[in-house]
Every structure is written in C-alpha cells, then in structure tokens.
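Here is how the chains run, residue by residue.
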Amino acid sequence: MSEATSTQSGHGLERGVLALADKPGAFRYLTRGLTSSIYALDLPSEGNKGLKVKLARYGASSSCIVVKCVDLEDEARPHSVLKEIRLLQSLWSSDTKGGEGRRFIVPFLDTSEDIPDDFTTIQRVFLPYYPSTLTEWLVHDAQQQGNSESSVDARNRCSFVARVAYQLFSALCFLHSQGIAHRDVKPSNLLLTHPASSCLQQSEKVEVRLCDFGTAHSGVDEQGTSSRPKTCSTSTHPYTPPELLFSPQDGYDGTKVDVWEAGCVVAECFGRLKETSDPVVDRPRTERIGERGRGGGGSMWPSAALDFSAPSGSNGSGSGSKRASPDDGLLGPPLRAAPGTSASAGASGGRMMLGSAFDDGEGEDEDENDFWKKQEADLFKQDGCDGPKRTAGGGLFAGYLPKPAVGSNGTSAAPGLRRPLSLADDDEDDSFGALPADPSSATVQRSFIRLPLFGAAQGDLGLAADMFTLLGLPEPDQAHLWPEAVRFRPPLDRMPFVRKPVASKAELEAKLRERLVDLYGQEAEDEAAKAISDVLLGCLRLSAEERWDARKAADRLAAVAVSQANEGK
C-alpha cells in the first residue's frame, strides 16, 4: 500500500484478516462487474478459528472470503456500494429481529476503505464465499436434461425449486418487514451453499443467500421521510415487471417489484429447453461451466419476436397482424403506432416510447440511459478484456477473462475461447462461458439453454409485448383492471400495443402450461408443483395491487419446504 493509503474498518473481522488484505498480491481475482471488481481472499490454514466457525454457521466456505471492491469515483448510478453497506449492516445488526428470513440474506462481514492516492477511494466489502449461484444451476440442469437419454426426475426438480422459492420469498419477507425492496432479484443474485452439480441430489440441504443490494431501496430516505422508489433502471430483463417499463409518475411499490421478479426466477427453472449452436465441452465439474444466453443477447429469442408493421383495421387488430405462438417463438402481439409516430419504427425507436424515455429517477441525470450504454461499452475495452466471460475457477459471480496470449505463429495460445458473454452481478444478462478442454480428452456435448418466461431480445418494447401476450392488456376504458397504468408514461390509453382481454386465473394457468412444460407435466403434478403453480399465478399479475405479497407466497410454499426438510433428516 502507498503512503496515501488508509484503512477504516467496521471491525467485524479479526485484525489479522484485515492486515492480510492490505498485503500486495493478497487478492485472487474472480470477476469484474459493471461497478465493482470481485476478489477472493484466501484464509491461512492456521488461526482465524472464530471467523471460520462463523463462516461455517453461514453455510459458506471456510477457506476464503470474497472482497468486493468499488471505486467510488467511477461508480455508476443508481448503484451505491455505500448504501449496500449501510443496509447490510442494518439487516445483520444485533438490534434487528431477524427471524428465519434473515438466514437467507448474504451475511455482512466487514468493510474498509483504501485510498491509494489523493484522487482514488476504493471501498471494500467483505462477504462469505459460496460455491455457486442459481444461474449456474440453471446452466447445469439444462445441460443435464438436454443431453440425458433418460428423463430427468421432474419431482426432484420441483422439490428443489420449491425449497429455493420458499427461501427466496422468506428473504423478501424479512427485507420488506424492514422497509427495504431489493429491486434486482435474478438467478445470479441467488447464491447457493452447494455446488450446482449436487443441488438436486442434496436438495434438502441446499440454502439460498440473496445478495447484491447496490440498487435496493429503503422506504425511508436520509432525511427520515417515507418515499416511493421512482428509478426504473434497477431491474434486469427479462425479470423486469410491467410498471418499471413505463415510469410511473408517482413512483411504484418496490415490494411488488420483488414479488414479480421472484416469480419470473421461479418460472425460469421450468422453462423450455432450447438447443444453441455452440457445443459444450464436457470436462471435470470443477472446471466446467455451462453457457446460457439472456434476453437482449439475440441468441435466445428470434429477431422476428415483434411485428412492427401497421396492423389493418381501425382497432389495430386486423387480420393482417402477426400473432405469436410459443412454438414458433414469436413472442408478442402486434404493435400499433403511438399517436404521432410511425408504425414501422424499429425496436430502438419503439423503446424510446416506453418508460426509459421518461424516467425521472431518484436524482439521476436525464441522460442516464446514454450514460449506462457508454459505461457498458467502455467496460468491454478495459483491462485488455475481449468481453465478459466466466472464470474457470470462480464461484460467486460471472466475470472476465483476459485476452488470450498470442503465440509466435500469430494464433491464440488458448484456441477456442467462447465469444464474449455478459455480466452476472450487475444489470445486464447472466450468461456463462467456459475455457476449452484438452481436445484429446474432451467429450463434446450439445448445448442447451433454458428459456426465461418472457422474451426480451427487443428490449423494453419486446418485453412489454410478450407480457401482454401472456397477461392481456385492458382497453382504455378498463383502467380499473390496471389502475396504476393511468399514471404511466405513456399512460394506458396511449400504449402502442393491440388490446387483449386481461387473462383470468384459468386462462393464465393454461398459457403457463404451454411455456412451463416441466412444471405442468403429468409426472410433476405433486404437492410441490401445485404450490409453485399457485405462487406463479399469484405473483405474475399485471396490476401490482393484485399480486400476492412475499408473505403469502412463502406461506403457500412453507408446508412443502417443511415436508422436504423432515424427509431429509
């Protein structure tokens, strides 16, 4: 450390561990996010007994911890590591009544401040290390099911997902009881206490840890005044709820955002399998990481997901319009031109008609969207990286691998690196990649991904269209069916989509059966599957007012989770 460096600790870690973190070369690089760099700090085999006992109690690794480092000057809004630290400290304070839900929140160990020069302040956050995320399990499960000649046990998957869902909603119950909304619930923010490959076999022992509170919202601001969140750029496609696509003028209910996102995460565990063009190299589990795409990447959803042609007929629903079907992948009703715009506008033009063009935010600049695009583009050029890829030995977040060295013959010294894939610990998609195995010992498998419930390849516009295909869109004179929409921008009566009757519970269940075949298959009709179905039907409602709260969802899943725990004893 330079002379200009100073460290200020929360004193949650032993002094020796903090001293170890200050030594040059102590960190082992794991990944890089949009606003942070993630490292592992290996713990000495001797000593630190108290810390190791604490880590074991948290269900985490006792051989290392995670250090999240954020340059405060470069941090992009609405992310705030200082807010994340403040919330985690509060949630894990001895004065906070935790209950069972707190167990499923990532524990906070400590924080320190590093000042390497007069112009840089690096905030460090010390967290436990967990071996996998739900994203990694989705990858592994898709590969196993897609390449298996025998059918995968649907009941076992339902039991595992029901347990994960119960813990997730329990964590949200605890957060909401403390006046906090997470606002970015997604598979990569759900850490698992077991490796992805062993989750189904040990489902009764696996526990979830909800992480990444950089965009969370507290119901009380710094002045002690109650406030509703207004920033709509906190959620990740394809888990974004409909209200965040249309920037409500008076804000929105952050707890119902969490419920929608959690429902989408649970639904994705049963999504259709889709074979991709890239084969997966079969390697030892400690080295193999599967690959999957996300909405926005283009490989998951076809470019024809939207029909931008002007539909015939005065009501915008003429016979010339192109309808979607789950089989051909055309996920969304035809669009109408917004008043004063061209019906043939492209996806980017359509996106500006939605909420991102109106987002006032919570103190953000008006050009926030352009700023974020520039941040993401610049990130691909930093530190000699081709793009975001999964490190071969990482376990907490997806991240970057450096460019492969160029050999004397001008070719890459590490041939066969996968194409650039996106981040998992921030706002973009959660794709994973893998280094190639030795061709002499590799077995090439077909590559599969699991489709999320909603397609988002066309951005906000495509995501909204697919939501309305599943849930319906009320007529302008039916505002009582979606009361929040009258305060949207654009409001309900100006939304450029074909109107469809709002789906009843029975109609929604029928549509979910088409998309979530692994949940509604006859072999999966057990108590866990029924509980999951009820939760999805309660959480995935167009109107936030009609959605279940996290407590109701957790209560519906509780009986199944308790039964599984008893069977595992």
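This one's a predicted model, so the numbers in the text were calculated from it and none came from an experiment.

A word on the packing of helix H9 (residues 459-471) against helix H10 (residues 505-515). Running from N to C, H9 and H10 cross one another at 120°; their axes reach a closest spacing of 9 Å. With respect to H10, the axis of H9 lies oblique. Residue-level inspection shows Asp466, Thr469, Leu470 and Leu471 of H9 in contact with H10, the latter providing Leu508, Lys511, Leu512 and Arg515.

The next subject is the pattern of salt bridges. Counted according to the given criterion, the structure contains 19 salt bridges. One salt bridge in this structure joins Glu84 and Lys68, with 2.9 Å as the shortest N-O distance. With Glu84 in helix H3 (residues 81-91) and Lys68 in strand E3 (residues 64-71), the pair connects residues that are 16 residues apart, well separated along the chain. Using a relative accessible area of 3% as the deciding quantity, one classes Glu84 as buried. Judged by relative accessible area, which is 10%, Lys68 ranks as buried. The closest approach of N and O atoms between Arg124 and Asp114, which form a salt bridge, is 3.5 Å. Separated by ten residues along the polypeptide, Arg124 in strand E5 (residues 120-128) and Asp114 in strand E4 (residues 110-117) bring together distant segments of the chain. Judged by relative accessible area, which is 12%, Asp114 ranks as buried.

Trp137, Phe169, Trp482 and Met495 are the most contacted members of the largest nonpolar core, which has 121 residues in total. Considering each element in turn, this core owes the most residues, 14 residues, to helix H5 (residues 154-177). Three or more residues apiece are contributed to this core by two domains, here domain 1 (18-129) and domain 2 (131-279 + 446-568). When near neighbours in sequence (up to four residues on either side) are disregarded, Trp137 contacts Arg157, Phe160, Val161, Leu192, Ala196, Cys199, Leu200 and Cys269.

Read from one edge to the other, the open sheet built from five strands follows the order E1-E2-E3-E5-E4, with strand pairing classed as antiparallel. At either margin of the open sheet sits one strand with a lone partner, and together these are strand E1 (27-32) and E4. Neighbour-to-neighbour, the strand axes of this sheet turn through a mean angle of 30°, independent of strand direction. Bridge analysis of strand E2 (residues 37-42) against E3 gives six bridges, and the strand direction is antiparallel. Counterpart to Asp42 in the pairing with E3 is Cys64. H3 contacts E3, E4 and E5 of the sheet and is inclined by roughly 35° relative to E5.

For the protein chain, the average pLDDT comes to 74, and 64% of its residues sit at 70 or higher. Model confidence for the protein chain, summarised as mean pLDDT per element, is weakest for strand E13 (residues 399-402) at 34 and strongest for strand E9 (residues 208-210) at 98. Contacts of residues 1-11 to residues separated by more than four positions or lying in other chains number 28 contacts, the stretch itself having pLDDT below 50. Of the regions scoring below 50 in pLDDT, residues 281-353 engages in 185 contacts with residues more than four places distant in sequence or in other chains.

Before going further, it helps to spend a moment on unusual backbone geometry. Along the chain, His237 connects to Pro238 via a cis peptide bond; the corresponding omega equals 10°. Inspection of the secondary structure puts Pro238 in the loop between strand E10 (217-218) and helix H6 (254-268). In this structure, the amide linkage connecting Arg489 to the following residue, Pro490, adopts the cis form with an omega of 5°. As for its placement among the helices and strands, Pro490 is situated in the loop between H9 and H10. The backbone phi angle of Arg183 is positive, close to 75°, even though this residue is not glycine. With respect to the element layout, Arg183 can be found in the loop between strand E7 (180-181) and strand E8 (190-192).

What follows is about the pairing of E2. Taken together, the five bridges between E1 and E2 define a ladder with antiparallel strand orientation. If you follow Phe27 over to E2, its bridge partner there is Leu41.

Attention shifts here to the packing of aromatic side chains. By the definition in use, this model includes eleven aromatic pairs. Seen from their ring centres, Phe468 and Phe497 are 5.1 Å apart, and the 75° between their planes marks the pair as edge-to-face. Of this pair, Phe468 sits in helix H9 while Phe497 sits in the loop between H9 and H10, placing them 29 residues apart in sequence. For the pair Phe468 and Phe497, one class covers both residues: buried. Three or more aromatic residues link up through ring pairs in this structure, and these residues are Phe246, Phe468, Trp482, Phe488 and Phe497. The lysine or arginine in question, Arg57, covers the ring of Tyr58, its NZ or CZ lying 5.6 Å from the ring centre.

Criteria and cut-off values
- All residue numbers refer to positions counted from 1 along the written sequence of the respective chain.
- Reporting in this predicted model follows two pLDDT cut-offs: at least 70 for local features of residues, and 80 or more for side-chain atom pairs to be given and counted; totals over whole chains, interfaces and linings ignore these cut-offs and use all residues.
- To obtain the side-chain values, all non-hydrogen atoms of the structure were included, while hydrogens and water were left out.
- Every angle, taken between N-to-C directions, lies between 0 and 180 degrees, and every axis is a line fitted to C-alpha atoms, over only the stretch in contact when it is a helix.
- Here a helix means four or more residues in a row that DSSP labels H or I, a strand means two or more in a row labelled E, and each is numbered from the N terminus.
- An angle counts as roughly parallel when it lies under 35 degrees, as roughly antiparallel when it exceeds 145, as roughly perpendicular when it falls between 65 and 115, and as oblique in every other case.
- Working rule for contacts: check all heavy atoms of both residues, and any pair within 4.5 Å makes them a contact.
- Salt bridge, as used here, is a side-chain nitrogen of Lys or Arg placed within 4 Å of a carboxyl oxygen of Asp or Glu.
- Here's how the labels work: a residue is buried when its accessible area is under 20% of the maximum for its type, exposed when over 50%, partly exposed in between, all with a 1.4 Å probe on protein chains only.
- Buried Ala, Val, Leu, Ile, Met, Phe, Trp, Tyr and Cys residues that are joined via side-chain atoms within 4.5 Å together make up what is termed a nonpolar core.
- The split into domains, and so the bounds of each, comes from an automatic or database assignment of domains.
- The rule for pairing is simple: two strands pair if DSSP sees at least two bridges between them.
- pLDDT is a residue-level measure of predictor confidence that goes from 0 to 100.
- For Phe, Tyr and Trp, where Trp contributes only its six-membered ring, two rings pair if their centres lie within 6.5 Å, and the inter-plane angle classes them as stacked under 30 degrees, edge-to-face over 60, or tilted in between.
- Distance and angle both matter: a charge sits over a ring if NZ of Lys or CZ of Arg is within 6 Å of the ring centre and within 35 degrees of the ring normal.

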